[in-house]
Amino acid sequence: MSDALFEKLRAQFHLPDDKIYLDGNSLGALPRTTPATLAETVENQWGTDLIASWNTHDWIDLPLVVGNQIGKLIGAPEDTVVCCDNLSINLYKAILAALELNPSRSAICAEEQQFPSDNYIAAGISQLLGEGRCSVKTLRIEEMTPQNLGDTAVLVLSHVDYKTGSLRDMAQISANAHAAGALVIWDLAHSAGVVDIDVTGCEVDFAVGCTYKFLNGGPGAPGYLFVHPKHSSASNPIPGWMGHAAMFDFESSYRPAQGIRRFLTGTQSVIALSAVSAGLAIFDAVSVSALRARSLLLTQQFIESIDGSVVKENVALITPRSEVARGSQVSITLEDAFPISQALIDNGVIVDFRAPNIIRFGFSPLYNRMSDATAAVKVLAHILKSKQYEHPRYQKRSIVT
Ligand SMILES: Cc1ncc(COP(=O)(O)O)c(C=O)c1O
């Protein structure tokens, strides 16, 4: 990506001058167009056209329209992604749909250390259906071979691990699952928008993700669900009127809509969806491959800065050094990680902490500068040397870390 293109992209975000924002892997920055887009949706559409807006401003199709914007980033064909609910709810729908598509198998296979909520959902489904119909087993990534997946109905896996930032081989693992007769659901929370993804080429069965991280959709922005066209007849396990073939006929029984619309259940937030759409429009000017290349440069710069700094004595890198195994964040472990993370934030380097001892530095190729990577390490070195983090104020834990 040229410097000129990068500066043009960065200029599209509100970024406080006194902060180095390295938490786009948790909450993306605010796109400058979002407030005006929201004002248009609220004041002009809702305020002026009121309920007619469902038709005149096409609010009714917004989950599919935004789904298509997301589809372009993950290699999905038109009309195979719907933006709705949140990642967790979409995962629930995908797992149950997959179990129905693979009725002779009962095991959900997951990675033990992955984002816990994904595993809570799998366990909840097992509890609901009973162990006989659905059980959960865990394997390590390297154990996910065709042999070990022989009893698996569906494999649920994060493309980039939320703690370590390691990137998984979607093509190979999906092929292993398919060779074993299993379906695969990928959680794209930490990879969409920063890693090349080809859900079509990898024949991914289902994928789920959220839009508030690297897609910059805003706090609590909706999630999304991709369903491979070969499963277009799959059932939504939470059937609702918004996924009905004729929603305004109010028929007494459910008939699913054709295509991805059937995975809608109830009414979605038009306001939230318009914010997501504004964030995604920024991606029209740049390819994911260019973003991936820049993301790798940023994380490489950060890793090299650590290697070249005194901080290397205190920290251990838990993110793979290899490019093919690295997402868009670098995670380190160190003693006193929590107070150090708070001191970093106090010094304007916005990061986050994950128990028990991890600090995550997330890099968004849309707006992070190379100098952010080097400056963050300098600030970390200063905090460690001065022992600033020992001040009691950095011990206070809020709910969100
Ligand atoms: C990897 C991963 N999966 C799932 C989730 C849950 O997403 P949501 O709360 O939007 O359902 C998150 C949230 O941060 C996540 O990072």
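Criteria and cut-off values
- Residues numbered from 1 in each chain as written.
- Predicted model: local features only at pLDDT ≥ 70, side-chain atom pairs only at ≥ 80, totals over all residues.
- Helix = DSSP H or I, 4+ residues; strand = E, 2+ residues; numbered from the N terminus.
- Rg over C-alpha atoms; globule rule 2.2 N^0.38 Å.
- Buried ≥ 20, exposed ≤ 12 C-beta atoms within 10 Å, placed from the backbone.
- Near = placed C-beta within 6 Å.
- Nonpolar A, V, L, I, M, F, W, Y, C, P; charged D, E, K, R; others polar.
- Core = buried A, V, L, I, M, F, W, Y, C linked by C-beta atoms within 7 Å.
- Domains from an automatic or database assignment.
- Contact = placed C-beta atoms within 7 Å.
- Pairing = 2+ DSSP bridges.
- Axes fitted to C-alpha atoms, helices over the stretch in contact; angles between N-to-C directions.

Let us now look at the overall build of the protein. Helix and strand counts for the protein stand at 11 helices and 15 strands. Taken over C-alpha atoms, the radius of gyration comes to 22 Å for the protein, in line with the 21 Å a tight globule of 401 residues would show. With the C-alpha coordinates of the protein rotated into their principal frame, the extents come out at 70 × 60 × 40 Å. Out of the 401 residues belonging to the protein, those deemed buried represent 48%.

Let's shift gears to the site of the ligand. Near the ligand lie 13 residues; those nearest to it are N86, L87, S88, F115 and A189. Across the shell around the ligand, the residue classes tally to 5 nonpolar, 6 polar and 2 charged.

Residues I95, I108, V154 and I185 are the most contacted members of the largest nonpolar core, which totals 117 residues. With 8 residues, helix α5 (residues 87-101) is the largest single contributor of residues to this core. Inspection of this core shows a minimum of three residues originating in each of domain 1 (3-31 + 287-385) and domain 2 (34-284). Leaving out residues up to four positions away in the same chain, I95 has contacts with I108, I121, A122, I125, V154, V156 and I185.

Turning our eyes to something else, we now look at the sheet that holds strand β4 (residues 81-84). Within the open sheet, the 7 strands sit side by side as β4-β10-β9-β8-β7-β5-β6. Their pairing is mixed. Since the sheet does not close on itself, it has two edges, and those belong to β4 and β6 (135-138), each with one partner. Each strand of the sheet is rotated relative to its neighbour by a mean of 20°, with strand direction disregarded. Pairing between strand β5 (residues 107-110) and β6: 4 bridges, direction parallel. Residue pairing across strands places A110 opposite T138, the latter belonging to β6. Each of β4, β9 (206-210) and β10 (223-227) touches helix α4 (residues 62-74); the most contacted strand, β4, lies at about 120° to it.

Moving on, we come to the domain arrangement of the protein. Here the protein is partitioned into domain 1 (3-31 + 287-385) and domain 2 (34-284). For domain 1 and domain 2, the distance between their C-alpha centroids amounts to 28 Å. The interface is formed by 30 residues belonging to domain 1 together with 23 residues belonging to domain 2. When residues of the side of domain 1 that touches domain 2 are assigned to their parent elements, the largest contribution, 5 residues, is made by helix α9 (residues 288-307). Its residues assigned to classes, the side of domain 1 that touches domain 2 shows 14 nonpolar, 13 polar and 3 charged.

A few words now on the pairing of strand β8 (residues 183-187). In terms of burial, β8 is largely enclosed, as 5 of its 5 residues are buried. The alternating pattern of β8 places L183, I185 and D187 on one face and V184 and W186 on the opposite face, and all of these are buried. Bridge count for strand β7 (residues 152-158) against β8 is 5 bridges, and the pairing is parallel. Bridging across to β8, V154 finds its partner in L183.

So, about helix α10 (residues 337-346). Where burial is concerned, most of α10 is hidden: 7 out of the 10 residues are buried. Next to the buried residues of α10 lie β13 (349-350), β14 (352-354), β15 (358-362) and α11 (370-386). Trailing α10 by a residue or two, G348 shows a phi angle of about 90°, which is positive.

Let's shift gears to the pairing of β9. Buried residues dominate β9, accounting for 5 of its 5 residues. Alternating positions in β9 separate into two faces, F206, V208 and C210 on one and A207 and G209 on the other, with burial throughout. Where β9 meets β10, 5 bridges bridge the pair, whose relative direction is antiparallel. Of the residues in β10, the one forming a bridge with V208 is L225.

This part takes up the environment of L280. Residue position: L280 is located in helix α8 (residues 270-281). Classification of L280 as buried rests on a count of 22 C-beta atoms within 10 Å. Along the chain, L280 and N216 lie 64 residues apart, while their C-alpha atoms are 7.4 Å from each other. For L280, the residues in contact, after removing those within four places along its chain, are V66, Q69, I70 and L215.

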